[in-house]
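Close look at the chain arrangement
Here's the letter readout for the chains.
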Amino acid sequence: MEGDEVTLFGMWPAPMALRIEWALKLKRIKYKYIDEDHYTKSPLLLKYNPIYKKVPVLVHGGRPIVESLVILEYIDETWNEDCMFLTDDPCERAIARFWARFSDDKCWPAIVGVLSKTGEAQEKALKEAQESLKTLGEALNGNKFFGGEMIGYLDITNGWISYWVPLIEVVTDLKLVDENEMPSLHAWFRNFLDFPVIKEMLPPRERLLSHLKSLREDLIASPSNS
Amino acid sequence: MAESVVLLGFWASPYALRVPIALAEKGVEFEYKEQDLSSKSTLLLQSNPIHKKVPVLIHNERPICESLIIVQYIDEVWTDGSSLMPKDPYQRANARFWADYIDKKVIGTSARIWKSKGEAKETAKKEFIECLKLLEGELGDKPYFGGDTFGFVDVAFSAYCCWFYSLEIEGNFKMEEECPKLMEWVKRCMERESVSKALPDQHKIYDYLGHLKKRLGLE
């Protein structure tokens, strides 16, 4: 076992990996970052995540933890002195876990669908994205953050939306989160991106925009696209 | 305030069945309300307006949805006696990973066995057996996935045991031959009252599957 060393295998544009970096930074945990290539996976990544072969992977003291939501709770439970992401209350924890799942299972595929599809299929994805985002916005309960006055678990899990959605709107020339239709969620985008630790840990905007443009071209051209 | 615990479930759902197992492990009394999924009750639609699915646990009138989230909730509320989740954060992460794997890979892959025909069915069967072997590897020589005690992953997977007979017939294979250690674990789980009382008879599930396939036009 390599002591208490923390290593994160990520990919610079990957939202699920970014949420782990935010979590580590918020807890002030020192870590080594290994940037994986989108197309060729390193032998170490395949060794640590043989089942899914994906980022993010957190390696702590030589032991790997995979799947971003699992990693987040691991970080919260291991470095548990301050800046807790989840509260102690079982009901609040269940509600937070529910919305994290909803966001990953419903919002993510719909938003990716807007980026990866064209024509009628894209229109359908847009509608699903707008509906699921509107529903997600209700979890804010009128607060500044999903965690209330402070950033919490759901802000970390949903944070990628605040950064990706405006860029996807530029790439596709479509509106996913209208300020008038979803004022709370729209305001949360700004609040989250302005938060000190988060502000310093965002992928470079122009680089990500260019990446999303070429990703859209690749996905549209892909034979598995329908 | 007198505690009220109500479970909205469906007798054949491998997700819903996790909840009575977890509640029984904790010795929690509850009121069970069987749901008609073809004509959803007002209570179900009000308690789970987003997904409109079972299971829903309504504890002191507050609904909790999603089966694995419910099981963790049960573990965190009723803390007398043994925990379903381990204490150590790494072991907890491991448990969450495998429960999530069962949801993401195992149940969906196995459903493709009865939903498809010919080559697609064979592929699904092969993938399902690979999943089972992975789970068997994780179990190792331990009596349960939770180690010496019945835990979170055991709850998550034992609820599916009543479906294995149907999968064997549909896929024309024997789980005993493919993963004998896992089948020993199944027998161990079925010896627990929490599991044997919660699960329906496997032949009833097979009959139900027949009706379901007809309804879906898969016969």
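Residues numbered from 1 in each chain as written. Chains lettered and ligands numbered in written order. Predicted model: local features only at pLDDT ≥ 70, side-chain atom pairs only at ≥ 80, totals over all residues. Heavy atoms only, no water.

**Description of the overall build of chain B**
When its secondary structure is counted, chain B shows 11 helices and 4 strands. Scaling as 2.2 N^0.38, a compact globule of 219 residues should have a C-alpha radius of gyration of about 17 Å, and chain B matches this with 17 Å. Taken along the three principal axes of its C-alpha coordinates, chain B extends 55 × 45 × 30 Å. In chain B, which comprises 219 residues, the share counted as buried stands at 53%. Sequence separation of 24 or more characterises 69% of the internal contacts of chain B that already satisfy a separation of 6 or more. Accessible surface, chain B: about 10,400 Å² in total, of which carbon and sulfur atoms supply 50%. (Helix = DSSP H or I, 4+ residues; strand = E, 2+ residues; numbered from the N terminus. Rg over C-alpha atoms; globule rule 2.2 N^0.38 Å. Buried < 20%, exposed > 50% of the residue type's maximum accessible area, 1.4 Å probe, protein only. Contact = heavy atoms within 4.5 Å. Areas by Shrake-Rupley, 256 points an atom, 1.4 Å probe, with all protein chains shown as cover.)

**Section: helix H3 (residues 68-78) of chain A**
In terms of burial, H3(A) is largely enclosed, as 10 of its 11 residues are buried. All buried positions along H3(A) are accounted for by Ser68(A), Leu69(A), Val70(A), Ile71(A), Leu72(A), Glu73(A), Tyr74(A), Ile75(A), Asp76(A) and Glu77(A). Elements in contact with the buried residues of H3(A): helix H1 (15-26), strand E3 (57-60), strand E4 (63-66), helix H4 (90-116) and helix H6 (153-172) of chain A together with helix H4 (89-115) of chain B.

**Observations regarding the sheet that holds strand E3 (residues 56-59) of chain B**
Working definition: the strands of a sheet are paired by backbone hydrogen bonds and lie parallel or antiparallel to each other. All names here are of chain B. The 4 strands lie next to each other as E2-E1-E3-E4, forming an open sheet whose pairing is mixed. In this open sheet, the two strands that pair with only one neighbour each are strand E2 (31-34) and strand E4 (62-65). Strand-to-strand, the axes of this sheet are offset by a mean angle of 20°, without reference to chain direction. Sheet analysis places strand E1 (residues 5-9) next to E3, joined by 4 bridges and oriented antiparallel. (Pairing = 2+ DSSP bridges. Axes fitted to C-alpha atoms, helices over the stretch in contact; angles between N-to-C directions.)

**A closer look at the packing of helix H7 (residues 164-171) of chain B against helix H11 (residues 202-215) of chain B**
Two quantities define a packed helix pair, namely the angle between the helix axes and the distance between the axes. Residues and elements named next belong to chain B. Close contact between H7 and H11 brings their axes to 8 Å; oriented N to C, the two are set at 55°. By the angle between their directions, the pair H7 and H11 is classed as oblique. Contacts from Tyr165, Ser166, Ile169 and Glu170 of H7 reach H11 at Gln202, His203, Ile205, Tyr206, Leu209 and Lys213. Tallied by class, the residues present in the contact of H7 with H11 amount to 5 nonpolar, 3 polar and 2 charged. (Parallel < 35°, antiparallel > 145°, perpendicular 65-115°, else oblique. Nonpolar A, V, L, I, M, F, W, Y, C, P; charged D, E, K, R; others polar.)

**Some details on the packing of H4(A) against helix H9 (residues 205-221) of chain A**
All names here are of chain A. Where H4 meets H9, the closest approach of the two axes is 8 Å, and the angle between their N-to-C directions is 85°. For the element pair H4 / H9, the angle class is roughly perpendicular. When H4 is examined against H9, the residues Val114, Leu115 and Ser116 are found in contact with a partner set consisting of Leu212, Leu215, Arg216, Leu219 and Ile220.

**As for the side chain of Thr157(A)**
Residues and elements named next belong to chain A. Mapped onto the elements, Thr157 comes out in helix H6. One polar contact links the side chain of Thr157 to the main-chain carbonyl oxygen of Leu154, over a distance of 3.1 Å. Aside from chain neighbours lying at most four places away, what touches Thr157 is Arg19, Leu69, Leu72 and Ala100. (Polar contact = N/O pair within 3.5 Å; in protein donor to acceptor, adjacent residues only side chain to side chain.)

**Some points on the sheet that holds strand E2 (residues 32-35) of chain A**
Residues and elements named next belong to chain A. Reading across the sheet, the 4 strands line up as E2-E1-E3-E4 and stay open at both edges, with mixed pairing between neighbours. Two strands in the sheet have a free side with no partner beyond their single neighbour: E2 and E4. This sheet shows a mean twist of 20° between the axes of neighbouring strands, independent of strand direction. In this sheet, E4 lies alongside E3 in antiparallel orientation, the contact comprising 4 bridges.

**Quick word on the environment of Leu72(A)**
Residue and element names in this part refer to chain A. Counting through the fold element by element, Leu72 comes out in helix H3. With 62 residues separating them along the chain, Leu72 and Lys134 place their C-alpha atoms 25 Å apart. With residues up to four places along the chain from it excluded, the contact list for Leu72 reads Arg19, Ile20, Ala23, Phe85, Tyr153, Ile156 and Thr157.

**Brief notes about the interface of chain B and chain A**
Each partner contributes residues to the interface: chain B has 24 residues there, and chain A has 24 residues. Each partner contributes to the roughly 2,300 Å² buried at the junction of chain B and chain A, and carbon and sulfur atoms together form 67% of this total. Three residues stand out in chain B for area buried against chain A, namely Ile69(B), Tyr90(B) and Phe97(B), and they jointly supply 26% of the buried area on that side. Counting across the chain B and chain A interface gives 7 salt bridges. (Buried area = accessible area lost by both parts, 1.4 Å probe. Salt bridge = Lys/Arg side-chain N within 4 Å of Asp/Glu carboxyl O.)

**Focus: the nonpolar core**
Grouped together as the largest cluster of nonpolar side chains are 157 residues, with contacts concentrated most on Leu58(A), Ile111(A), Leu176(A), Leu57(B), Phe157(B) and Trp185(B). In terms of residue count, the dominant contributor to this core is H4(B) (13 residues). (Core = buried A, V, L, I, M, F, W, Y, C linked by side-chain atoms within 4.5 Å.)

**Looking at the side chain of Ser103(A)**
All names here are of chain A. Take Ser103: it is sitting in helix H4. By relative accessible area, which is 0% here, Ser103 ends up buried. Within polar-contact distance, the side chain of Ser103 engages the side chain of Asn158 at 2.9 Å. With sequence-adjacent residues up to four places away left out, Ser103 is seen in contact with Trp108, Leu136, Asn158, Trp160 and Ile161.

**Observations concerning the environment of Ala99(B)**
Residues and elements named next belong to chain B. Tracing the chain through its elements places Ala99 in helix H4. Ala99 gets classed as buried once you look at its relative accessible area, which sits at 0%. Measuring from C-alpha to C-alpha, the distance between Ala99 and Val155 comes to 8.9 Å, with 56 residues separating the pair along the chain. With sequence-adjacent residues up to four places away left out, Ala99 is seen in contact with Leu68, Phe152, Val153 and Ala156.

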